[in-house]
Amino acid sequence: MDLADGAAQEEFRARLREWLARVLPTLPPKPDPLDWPGRRTYDCGWQRRLYDAGYADVHWDASPSQRLIFLEETERAGAPYVGANFVGLLHAGPTIAAEGTPGQRERWLPPVLRGDEVWCQGFSEPDAGSDLAGLRTRAVRDGDAYVVSGSKIWTSHAEVADWCELLVRTDPDAPSKHRGISWLAMPMDAPGITVRPLRTLAGSAEFAEMFLDEVRVPVANRVGEENDGWRVTMVTLSFERGTAFVGEVVACRRVLGELAGAARKNGTWDDPGVRRRLGRLSAEFRALWRLTQWNVSEAEATGGVPGVGGSVFKLRYSHARQELYDAAAAVLGPDALDLGREWNLDRLSSLSYTIAAGTSQIQANIVAERILGLPKGR
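Summarised in this report is the structure supplied together with it. The structure presented is a predicted model; accordingly, all values stated were derived computationally and were not measured.

Taken as a whole, this structure holds nine aromatic pairs when the rule is applied. Taking 6.5 Å as the distance between ring centres and 50 degrees as the angle between the ring planes, the aromatic pair formed by Tyr 81 and Phe 86 counts as tilted. Phe 86 sits in the buried class, given a relative accessible area of 13%. One aromatic cluster in this structure is built from Phe 12, Trp 19, Trp 46, Tyr 55 and Phe 70. Here the guanidinium or amino end of Arg 39 rests over the ring plane of Trp 36, the centre of that ring lying 3.9 Å away. The ring of Tyr 146 carries Arg 141 above its face, with NZ or CZ at 5.7 Å from the centroid.

This next bit is on the environment of Gln 47. Relative to the elements of secondary structure, Gln 47 occurs in helix α2 (residues 36-53). Discounting residues that sit within four places of it in the chain, Gln 47 has contacts with Ala 56, Asn 85, Leu 89, Val 112, Leu 113, Arg 114 and Gly 115.

This part takes up helix α5 (residues 102-114). Since the α-helix packs 3.6 residues into each turn, any two residues three or four apart lie on the same face. The terminal C-alpha atoms of α5, which comprises 13 residues, lie 18 Å apart, in line with the 18 Å expected from a rise of 1.5 Å per residue. A bend of about 25 degrees at Trp 108 is the largest found in α5, and the proline Pro 110 appears one to four places after it. Looking only at α5, the buried set comprises Gln 104, Trp 108, Leu 109, Pro 111, Val 112 and Leu 113. Tucked into the core, α5 has its buried residues touching α2, α4 (86-99), β1 (119-122), β4 (163-169), β5 (181-187) and β8 (222-223). Backbone geometry just after α5 places Gly 115 at a positive phi near 80 degrees.

Moving on, we get to the pattern of salt bridges. Under the defined criterion, the tally for this structure stands at 21 salt bridges. Measuring nitrogen to oxygen at the nearest pair gives 3.2 Å for the salt bridge that ties Arg 48 to Asp 52. Highlighted residues: Arg 48 and Asp 52, both in helix α2, separated by four residues, approximately one helical turn. Here Arg 48 falls in the partly exposed class, since its relative accessible area comes to 34%.

Conventions and cut-offs
- Throughout this description, residue numbers start from 1 for each chain and increase along the sequence as written.
- Given that this is a predicted model, residues contribute local features only at a pLDDT of at least 70 and side-chain atom pairs are listed and counted only at 80 or more, while totals for whole chains, interfaces and linings are drawn from all residues.
- Note that water and hydrogens are dropped before the side-chain values are worked out from all heavy atoms of the structure.
- A pair of Phe, Tyr and Trp rings is counted when the ring centres sit within 6.5 Å of each other, with Trp represented by its six-membered ring. The angle between the planes then sorts it: under 30 degrees is stacked, over 60 is edge-to-face, the rest tilted.
- Exposure is judged per residue with a 1.4 Å probe applied to protein chains only, and the accessible area is read against the type maximum: over 50% gives exposed, under 20% gives buried, and values in between give partly exposed.
- Charge-over-ring contacts are defined here by two conditions on Lys NZ or Arg CZ: a distance within 6 Å of the ring centre and an angle within 35 degrees of the ring normal.
- Strands are runs of DSSP state E lasting at least two residues, helices are runs of H or I lasting at least four, and both sets are numbered from the N terminus onward.
- Whether two residues are in contact is decided by their heavy atoms: any pair within 4.5 Å suffices.
- Here the expected span of a helix is defined as 1.5 Å times the quantity of residues minus one.
- One fitted axis covers the seven residues ending at a residue, a second covers the seven starting there, and the bend at that residue is the angle between these axes.
- What makes a salt bridge here is a side-chain nitrogen of Lys or Arg within 4 Å of a carboxyl oxygen of Asp or Glu, nothing more.

Structure, rendered in C-alpha cells:
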C-alpha cells in the first residue's frame, strides 16, 4: 500500500498541525510521572480533547497513512502520549473491535475513545513466567456468571483501571494447555479483587499484582467463545506487538536527534565511537519506521489485525530502545547516575522492553517457527 502523502493526507497533516498548535498551549501542567492517579486524570483529559476534535479513533478506524501522520505530528509537537489509556486504546479496544459482539463494542469502545474508562491487562501470572498458556487462574461457570479465583502479576495500570482484559482457565481438563482458556472483561470494582502496586526501578507503580477471590464476572463479558480465549489472545498480542509501540519509534527518533545535539555540546561528539554508535542507531530506527509502515499497511489489508511480522518489530525494537538509552548514558557520562536528568528514567524503563509484551526469546521462537518455517524445539 502506498503510504506517501497525497492531497487528502497533506490536508489531514496541515489540519492536525494547526489544531495541535492551538490546543497544546492550553493543557494543564503535566503531573509527576510517578503519580499514576494524577496521570490517569491528565491522560484521560487529553483523550477527551482528541475525541471532541474527531481524532480519538485514529488508532482504529483511520487509514494507515492518517494513523502514521497522527503519530508523527503529535510526537513532533510534544503532545501527550496515550499513557494510562494504553491498554484500552491499543490492546483491549482493538481486540473487542475485532472479536466482540455488537453489544460489547457498543458498551466498551465509546468510553475508551472518550477517555471515560481505563483498562488494565491481566495476563501474566507469578508461576507461569513467559509461558502465558500455563496460567492457572480458574473461572468456574455458575449460572450467568463465572466465579474467578487466582492471581495475576505485572497487571498494567491495575491501580487506576475500571476494566481488566483477563485471561482465565475455564476448562482445566483440556487436552492442551493452550485450550480451555477464555478472555473476559472484568470490572475492577467487583468484590473479591485486591490490587497491590509494584514499584519499578524508577519508583513508578504502573504495574501491580492482583489477587482474585471468587470474583463474579458475567458470562456476557466473555469476548469470543468459551475455551477459545487463546485465539482471541493472539489477536490482542498481535496488536500489542505489531502496532501498539508505533508511536514510541517516532519518540525514539526524536530522542536520538536530541542526543546528538547534547553530544555536540558536551564534547562527546568528538569521540568517533559515539558518532558511529548514534549513526548506526539512526539507521536502525529508520528501518524500524519502515517496518512499522509495512505492519500497519499489512494490518489494513488483512482486516485490521497485524500479522506475525509484529514479532519481528517487537524483537528488534526492544533491543534498539535499550541500545538508544545505553548510548544516552555514554553521552551523559557521570550524569547518567542522576535520575533527575533527562533520559535516565527512560533508560531504567527500557530494561523491561525485552520482557514486556512477550520476551525476546518468545519473539525469536515465533519468528523462527511462523515466518522462517523452522521446526519447533523439543
